[in-house]
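Here is what each chain is made of, one letter per residue.
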Amino acid sequence: MNITEKILAKHSNRDEVAPGDTINADIDIAMSHDGTSPPTIKVFEQIADKVWDPEKIVLVFDHNVPANTMGSAEFQQVVREFGKKQKIPNMYIQGEGICHQVLPEQGHVKPSTVMVGADSHTCTYGAFGAFSTGLGATDLAMVYATGKTWFNVPESLKINVNGSLQENVYSKDLILRIIKELGSYGATYKSLEFHGDTIDNMSVDGRLTMTNMVIECGAKNGIMVPNKQTEEYLAKRGVTDYTITTPDSDAQYEKIYDFDVDDLQPQVACPHNVDNVEDVDKVKGTSINQAVLGSCTNGRYEDLVQAAEILKDHKVHEDTQLLVFPASREIYQKAIDNGIIQTLLESNAIICNPGCGPCLGAHMGVMTDDMTCISTTNRNFLGRMGSAKSYVYLSNPAVVAASAIKGEITNPSDI
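Every chain begins its residue count from 1, and numbering advances along the sequence as written. Side-chain atom pairs in this predicted model are given and counted only at pLDDT of 80 or more, local residue features only at pLDDT of at least 70, and totals for whole chains, interfaces and linings cover all residues. To obtain the side-chain values, all non-hydrogen atoms of the structure were used and water was disregarded.

A look at the packing of aromatic side chains
Here is the rule: Each Phe, Tyr or Trp ring, with Trp reduced to its six-membered ring, pairs with another whose centre is within 6.5 Å; inter-plane angles below 30 degrees give stacked pairs, above 60 give edge-to-face pairs, and intermediate values give tilted ones. Numbering of helices and strands runs from the N terminus; a helix is a DSSP stretch of H or I covering at least four residues, while a strand is a stretch of E covering at least two. Between buried and exposed lies partly exposed: a residue is buried under 20% and exposed over 50% of the maximum accessible area for its type, with that area taken using a 1.4 Å probe on protein chains only. Charge-over-ring contacts are defined here by two conditions on Lys NZ or Arg CZ: a distance within 6 Å of the ring centre and an angle within 35 degrees of the ring normal.
In total, this model carries four aromatic pairs according to the counting rule given. Ring centres of Phe 82 and Tyr 144 lie 6.4 Å apart, and the angle between their planes is 15°; on these two criteria the pair is classed as stacked. Highlighted residues: Phe 82 in helix α3 (residues 70-86) and Tyr 144 in helix α5 (residues 137-146), separated in sequence by 62 residues. Owing to a relative accessible area of 2%, Phe 82 belongs among the buried residues under this scheme. Tyr 144 sits in the buried class, given a relative accessible area of 1%. Relative to Tyr 233, the ring of Phe 128 lies with its centre 5.5 Å away and its plane at 50°, an arrangement referred to as tilted. On the criterion of sequence distance, the pair formed by Phe 128 in the loop between β5 (114-117) and β6 (131-134) and Tyr 233 in helix α9 (residues 228-236) is long-range, its members being 105 residues apart. Taking the relative accessible area as the measure of exposure, Phe 128 reaches 1% and is therefore buried. Take Tyr 233: its relative accessible area is 14%, and that puts it in the buried class. Taken together, the ring pairs connect Phe 44, Phe 82 and Tyr 144 into an aromatic cluster. One Lys or Arg, Arg 237, reaches over the ring of Tyr 233 and ends 4.7 Å from the middle of that ring.

Have a look at this one:
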């Protein structure tokens, strides 16, 4: 069996499972945020009085923090009252950051576990060797009540990545290139299992970016065998009681893809699909009004450093605004302590509180007609950041920073 099959077999009390099997799996951690908790709670209260295990539920405010509308404030109040009533200890509602960064930081993510969340980018935790995936509110309500949910065991695609990423080329470029190859629907309800020396040598921040975006080609989950950096990260968070799951030597995959990154260039996903990917030089010169550095994809410390290296001793173009959203308070504090925030401020970037910001088109940085943004976020769908007549390009932090300086999409090597 491959990694996903082994984890799902263990969590459904089976010796083995195969693609297409329907299983009922025990859940280790379930999560919802300020946008998805209220509909989950509404369904839950129709079927149960008490959650199955308050220690295994995590509630996070990140999508509209602080609340920007009456509706957002009402949603958050519903969650506060639910958390108190159910005595849920793991509530991060004071601006701690984005759920997909906060859960790993707070030690809720462990290898070989099954994690679910009412957010499509819950697949992020696969960077730690967990099976993690998003659920709808109704399914998550059942998890809150029973601690179980059903899955069809997915087919798996093996993604081998080898070679060294060159200057100004990062994991964001790699995952965009993979999505281009597979297509927006090419991995629908499949597991992407990443291997190769590039993955083995990748930082935890880089690996999180990779698994975060597997949903953009339709995947059910993305998963990696934890590397040395991952184990060190977990140890620092006090996470030591776990096992690491590896695939059998004869594990079966629906298809195997091989990527060599030695010649990979910075990539840009062009409007309005994440698989509409080009080398940066093919789209450079495109005027922008806004640049966004942040999100659950690229708001981590490593990303802020990459941007600051480009922005140092430069100013953001007068016709462009650069919005910076650290993915968590911890990252924000580290960036302050190490002078990264100072560099960004000196460039005239607008530093915002940790949270999702304009990624979902609801808060801080929403665009109007004919605006164009380049962003480190994960989606560029029509109307994603506001107006259906606006345009969103996706790229890595260095490209976003370089573009903010020039007021047009720019290769960092040109700065």
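Overview of the packing of helix α12 (residues 301-311) against helix α15 (residues 397-406)
Cut-off, in case you're wondering: For helices, the fitted axis covers only the stretch in contact; all axes are lines through C-alpha atoms, and the angles between them, taken along N-to-C directions, range from 0 to 180 degrees. When the near helix sits turned anticlockwise from the far one by under a right angle, the crossing is termed left-handed; a clockwise turn instead gives a right-handed crossing. By the convention used here, residues are in contact when the closest approach between their heavy atoms is within 4.5 Å. Residues are grouped as follows: nonpolar covers Ala, Val, Leu, Ile, Met, Phe, Trp, Tyr, Cys and Pro; charged covers Asp, Glu, Lys and Arg; every other residue, Gly included, is treated as polar.
Here α12 crosses α15 at 35°, and the two axes come no closer than 8 Å. Note that α12 runs across α15; the crossing there is right-handed. Contact residues: Asp 303, Gln 306, Ala 307, Ile 310 and Leu 311 in α12; Pro 397, Ala 398, Ala 401, Ala 402 and Ile 405 in α15. The residue inventory of the contact of α12 with α15, partitioned by class, reads eight nonpolar, one polar and one charged.

Some details on the environment of Ala 137
Summarising the element assignment, Ala 137 is placed in helix α5. With a relative accessible area of 23%, Ala 137 lands in the partly exposed category. A C-alpha to C-alpha distance of 18 Å links Ala 137 and Glu 74, two positions 63 residues apart in sequence.

Examining the pairing of strand β1 (residues 22-26)
Worth spelling out the cut-off: Here, any two strands with at least 2 DSSP bridges between them count as paired.
Only one face of β1 is covered, namely the face carrying Ile 23 and Ala 25; the face carrying Thr 22, Asn 24 and Asp 26 is uncovered. Here five bridges tie β1 to strand β7 (residues 148-152), and the two strands are oriented antiparallel to one another. Within β7, the position partnered with Ile 23 by the bridge is Phe 151.

A short note on the environment of Gln 306
Following the sequence through the fold, Gln 306 ends up in helix α12. We classify Gln 306 as buried; its relative accessible area is 7%. Taking the C-alpha atoms as reference points, Gln 306 and Tyr 170, separated by 136 residues in sequence, lie 9.5 Å from one another. If sequence neighbours within four positions are ignored, Gln 306 has contacts with Tyr 170 and Pro 397.

A few points about the sheet that holds strand β9 (residues 190-195)
In sheet architecture, strand pairing relies on hydrogen bonds along the backbone and comes in two forms, parallel and antiparallel. Judged by pairing direction, the sheet is parallel, and its four strands sit side by side in the order β10-β9-β8-β11 without closing on themselves. With one partner strand each, in any of the chains shown, β10 (221-224) and β11 (255-260) form the two edges of the open sheet. Averaged over neighbouring strand pairs, the angle between their axes works out to 20° when direction is ignored. Looking at chain direction, strand β8 (residues 155-162) and β11 are connected through six bridges and run parallel.

With respect to the pattern of salt bridges
Counted only if it meets this: Salt bridge, as applied in this entry: a Lys or Arg side-chain nitrogen positioned within 4 Å of an Asp or Glu carboxyl oxygen.
Counted by the stated rule, this structure contains eleven salt bridges. Lys 148 serves as the salt-bridge partner of Asp 26, at 2.3 Å between the closest nitrogen and oxygen. Linking Asp 26 in strand β1 with Lys 148 in strand β7, this pair joins segments that are 122 residues apart in sequence. You can call Asp 26 partly exposed: its relative accessible area is 26%. A salt bridge links Lys 284 to Asp 281, with the nearest nitrogen and oxygen atoms 3.7 Å apart. Three or more residues are tied together by salt bridges with common partners; here these are Asp 281, Lys 284 and Asp 414.

Describing the pairing of β8
For a regular strand, the rule is simple: side chains alternate between the two faces of the sheet. The criterion, for reference: Handedness rule for crossovers: strands pointing away from the viewer, path from the first strand over the helix to the second running clockwise, crossover right-handed.
Pairing between β8 and β9: six bridges, direction parallel. When the bridges of β9 are listed, Ser 156 appears paired with Ser 191. At this point the chain moves from β8, through helix α6 (residues 171-182), to the parallel β9, and the crossover so formed is right-handed.

Quick word on the side chain of Ser 184
Structurally, Ser 184 can be placed in the loop between α6 and β9. Accessibility expressed as a relative area gives 17% for Ser 184, which makes it buried. Leave out the neighbours within four places in its chain, and Ser 184 touches Glu 216, Cys 217, Gly 218, Asn 273 and Asp 275.

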